[in-house]
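Here are the chains, one letter per residue:
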Amino acid sequence: MASLHSLPPPASFDVHDRNAAELWKEWRNRWDCYAVATESNEKAAEVQVSDLLTVIGAEAHNVFNTFQLSDGEKKDIKAVLDAFEKYYQPYRNTAFERYRFNLRGQKPGESFEQYVTVLRQLALRCDHDNIKPDQILRDRIMFGITDNKVRDRLLREKNLTLERTLEICRATEVSNVQQEEVIKINDGSVHALGRGKVQSTSRVHSHDTKVHPTTKGTKKEVGWIKDCNFCGKEHKKKRESCPAWGKTCLNCKGLNHFKIKCRRQAKKKTRGVNNVTEIYPEEDPELRIYTVRTVSSIKLQDEQTVTLKVKPKCYIRFQIDSRADCIVLPVHVYKSATGDHEIKMVQPSETTLFSYGKVSSHSVGKVKIKVYRGEKTDYLDCELVEGEHYHSILGYKASISLGVLEIKGNDKTNPLKETRGLSVNVTQKDCKVITRENLVKQYPKVFRDSAGKLDEPYQIKVDKTIPPVQHAPRRVPAAMRGRLLEELTRLENLEIIKKVSEPTDWISSLVMAPKKDGKLRICLDPRDLNKAMKRDNYPMPTIEDVSTRLSGARVFTILDVKQGSWHVQLEEQSSYLTTFNTPFGRYRWLRMPFGISSAPGVFQRRMHLLIEGLQGTEAVAYDFIVYGIGDSYDEAVTDHDQKLHKFL
């Protein structure tokens, strides 16, 4: 029979991963399988919650502490899992997911099996099993209307129904008709008063009197006007009281009105691609995202372009952009230059181009093109885009390789010898640059490998009415026994743990977690001890609390406390409370172990006491932040360096 002790639990959940929403689904599935395999799902709900919070990791446990759950819900495994599900799953617009699914076609060079796999993944988010005729009509209306503002409003609606869609669209259409009627009436009033007195490029104020369009020439005294048609503000019904009187419009250059109330539409500017910059290339090599900067479309000058030969009597004119990290080539230019009209040579690409207006366009594919520039030859890795308005863009690396751009006198070609191995910043001439290596040499006791030791031991207080619990040793796979004994011996030599031979009331279980380097991390499983432990509930600082004190800070250093909890010594009787069982006997912790419920508050209190009186230093969890303030960068560096040395 499988047991909780023989099967390895899922790895801790990484709450900081930018794909946490998708990774949560996978982790939840692994946890469900683990709970069934170890029969943990048959235990009491409160025990299941403890199992979950032990396995999920410290960071996710901190997230759990932020949930607004009742005491009963905190002991209900379903309520806890639903809370995590709600936390990690962002709002999903099913209508938009179906729109993406319906538009996804097979890309050039993409096999049928790859295409079907992508469609299956998109279909999972479309909720096709519950689709109704009203939803089909709603989706078609949402993405079939021509008014982008209305579509934007519909996309922001949560749980949008067909009735609500029809209501918004109809109300908008009626509002547009009424607005046009109001503009016509206001234009008639202006022309009636201004006939023969002003030029057509100016707009006339009629604040002294109001002319009714049905009775031209009849005047009626009015004291105030709201939402003035010339300035948009409220003021007395006199033209001298209007802020726009005598001013020039920034849009049409007419007189007596502001741009916000100008009825002449500004000429729309055509925008074209100017620059492409890569984002997150190292985080996910399969998904490449680029930002596309746009500028007004103008005729390119010769000094902005370079012409490259592709084959005899066939050239491509590129726009030179030293800030571009990839090469962009319109599809129609590629077909014309290479003759590959069926784009058989193009490979599928997952690159996405985002403009600053947040309008995205996907790369049609990627292709390698051989080009010639005089005696130089190079292969260009191009991202193909669909659209007549795109320019062919030559990026920084290709421009340097082909000799189109040349950088002289930089640090790569002419480095300063005295700066080698140093961290270079803009500092005052008399300011000595601080480097990590210099700090380690100057403060060797602070940067040593072993854990530090704070003076005052910590005494664990427990509720005597709760009976002690003694756990038997958990089974350890044969392949891990050697590594476990090695780590226990190491910690015993460092005086972090100590062998126990006498009887103890409390005996907890051992938790092992493999590290990236193959070694083991040994922790205490204190779920029973935590129930009896009394906490002092020391307030933990938040990022919002600390950020209010960082006003004016320009330079920062973050120092991580190595093996943070182990800096706190345990009082001897408290040490016996942390006794844990192993296949090699019992041990007790001489330092405060990770996992006990009071550890974060106790450690935070000690850190605050440690930096009490130090200016420009903050303690957040297991990190210290030292920051410098100044009107200039040089002043901030000097201030930061003084505070850092004082802290160390």
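Residues numbered from 1 in each chain as written. Predicted model: local features only at pLDDT ≥ 70, side-chain atom pairs only at ≥ 80, totals over all residues. Heavy atoms only, no water.

K.L.:
Honestly, a nonpolar patch on the surface in this entry has me stumped. Any pointers?
P.N.:
A surface patch of nonpolar side chains, amounting to about 280 Å² of accessible area, comprises Phe-96, Tyr-99 and Leu-103. For Leu-103, a relative accessible area of 55% gives the class exposed. (Patch = residues over 30% accessible without salt bridge, like charges linked within 9 Å, V, L, I, M, F, W, Y side chains within 5 Å. Areas by Shrake-Rupley, 256 points an atom, 1.4 Å probe, with all protein chains shown as cover. Salt bridge = Lys/Arg side-chain N within 4 Å of Asp/Glu carboxyl O. Buried < 20%, exposed > 50% of the residue type's maximum accessible area, 1.4 Å probe, protein only.)

K.L.:
Mind showing me how you'd approach the nonpolar core here?
P.N.:
For soluble globular proteins, the rule of thumb is that nonpolar side chains tend to be buried together. Formed by 44 residues in total, the largest nonpolar core has its most connected members in Ile-460, Ile-497, Phe-580, Trp-589, Met-592 and Phe-624. Among the elements of the structure, α14 (478-493), β17 (520-525), α15 (527-532), β20 (585-589), α18 (599-610), β22 (623-629) and α19 (633-647) are those that each provide at least two residues to this core. Those residues within four positions of Phe-580 in sequence are excluded, and the remaining contacts are Leu-488, Ile-497, Ile-507, Ser-508, Ser-509, Leu-510, Leu-524, Gly-585, Arg-586, Tyr-587, Arg-588 and Trp-589. (Core = buried A, V, L, I, M, F, W, Y, C linked by side-chain atoms within 4.5 Å. Helix = DSSP H or I, 4+ residues; strand = E, 2+ residues; numbered from the N terminus. Contact = heavy atoms within 4.5 Å.)

K.L.:
Help me understand the pairing of β22, please; the structure alone is not making it clear to me.
P.N.:
The two faces of a sheet get side chains in turn, since along a regular strand they alternate between them. Most of β22 is tucked away, with 5 of its 7 residues classed as buried. Here strand β18 (residues 553-560) runs beside β22; their pairing, made up of 7 bridges, is antiparallel. Across the sheet, residue Asp-560 finds its bridge partner in β22, namely Asp-623. Two strands pair when backbone bridges link them, and strand β21 (residues 617-620) and β22 are joined in this way by 4 bridges, in the antiparallel orientation. Looking across to β22, one finds that Ala-619 is bridged to Phe-624. (Pairing = 2+ DSSP bridges.)

K.L.:
It is not clear to me how the packing of aromatic side chains should be interpreted in this structure. Could you clarify?
P.N.:
Aromatic ring pairs are described here by two measures, namely the spacing of the ring centres and the angle between the planes. Summed over all chains, the structure comprises 10 aromatic pairs. Following the ring pairs from residue to residue traces out a cluster consisting of Trp-566, Phe-580, Tyr-587, Trp-589 and Phe-594. One residue, Arg-588, lies across the ring of Tyr-576, its end atom 4.2 Å from the ring centre. (Phe/Tyr/Trp six-rings, centres within 6.5 Å; stacked < 30°, edge-to-face > 60°. Lys NZ or Arg CZ within 6 Å of the ring centre and 35° of its normal.)

K.L.:
What is the right way to read the pairing of strand β12 (residues 365-373) from this model?
P.N.:
Sheet topology places β12 next to strand β13 (residues 376-385); 9 bridges connect them, and they run antiparallel. Following the sheet pairing, Lys-366 is matched in β13 by Glu-383. Here β12 folds back onto β13, and the loop between the two strands holds 2 residues, one of which, Gly-374, carries a positive phi near 65 degrees.

K.L.:
How should the sheet that holds β21 be read in this particular structure?
P.N.:
Note: strands within a sheet are paired through backbone hydrogen bonds, in either parallel or antiparallel orientation. Across the sheet, which stays open at both edges, the 3 strands sit in the order β18-β22-β21 with antiparallel pairing between neighbours. Where the open sheet ends on each side, the last strands, each with one partner, are β18 and β21. Averaged over all pairs of adjacent strands, the angle between their axes in this sheet comes to 25 degrees, without regard to strand direction. Set on the sheet, α18 makes contact with β21 and β22; between it and β21 the angle comes to about 175 degrees. (Axes fitted to C-alpha atoms, helices over the stretch in contact; angles between N-to-C directions.)

K.L.:
What exactly am I supposed to notice about the pattern of salt bridges here?
P.N.:
Think of it this way: side chains of opposite charge can pair up when their charged atoms draw near. Under the defined criterion, the tally for this structure stands at 12 salt bridges. In this structure, Lys-344 engages Glu-342 in a salt bridge whose closest nitrogen and oxygen atoms are separated by 3.4 Å. No difference in accessibility class separates Lys-344 from Glu-342, as the two residues are exposed. Residues participating in the shared-partner salt-bridge network are Asp-51, Arg-474, Asp-525 and Arg-527.

K.L.:
Help me out: how do you make sense of the packing of helix α6 (residues 94-103) against helix α8 (residues 133-144) in this one?
P.N.:
Each pair of packed helices can be summarised by the angle the axes make with each other and by the distance between the axes. Taken N-terminus to C-terminus, the directions of α6 and α8 make an angle of 75 degrees; their axes are 10 Å apart at the nearest point. Considering the angle they form, α6 stands roughly perpendicular to α8. Contacts between α6 and α8 involve Ala-95, Phe-96, Arg-98 and Tyr-99 from the first element and Gln-135, Arg-138, Asp-139, Met-142 and Phe-143 from the second. A class-by-class count of the residues in the contact of α6 with α8 yields 5 nonpolar, 1 polar and 3 charged. (Parallel < 35°, antiparallel > 145°, perpendicular 65-115°, else oblique. Nonpolar A, V, L, I, M, F, W, Y, C, P; charged D, E, K, R; others polar.)

K.L.:
Please clarify how unusual backbone geometry should be interpreted in this entry.
P.N.:
Residues other than glycine predominantly adopt negative phi, and peptide bonds predominantly adopt the trans conformation. Backbone geometry places Asn-256, a non-glycine residue, at a positive phi of 70 degrees. Tracing the sequence through the fold places Asn-256 in the loop between β4 (235-236) and β5 (271-279). With a phi angle near 50 degrees, Gln-563 is a residue other than glycine that sits in the positive phi range. Of note, Gln-563 is situated in the loop between β18 and α17 (572-577).

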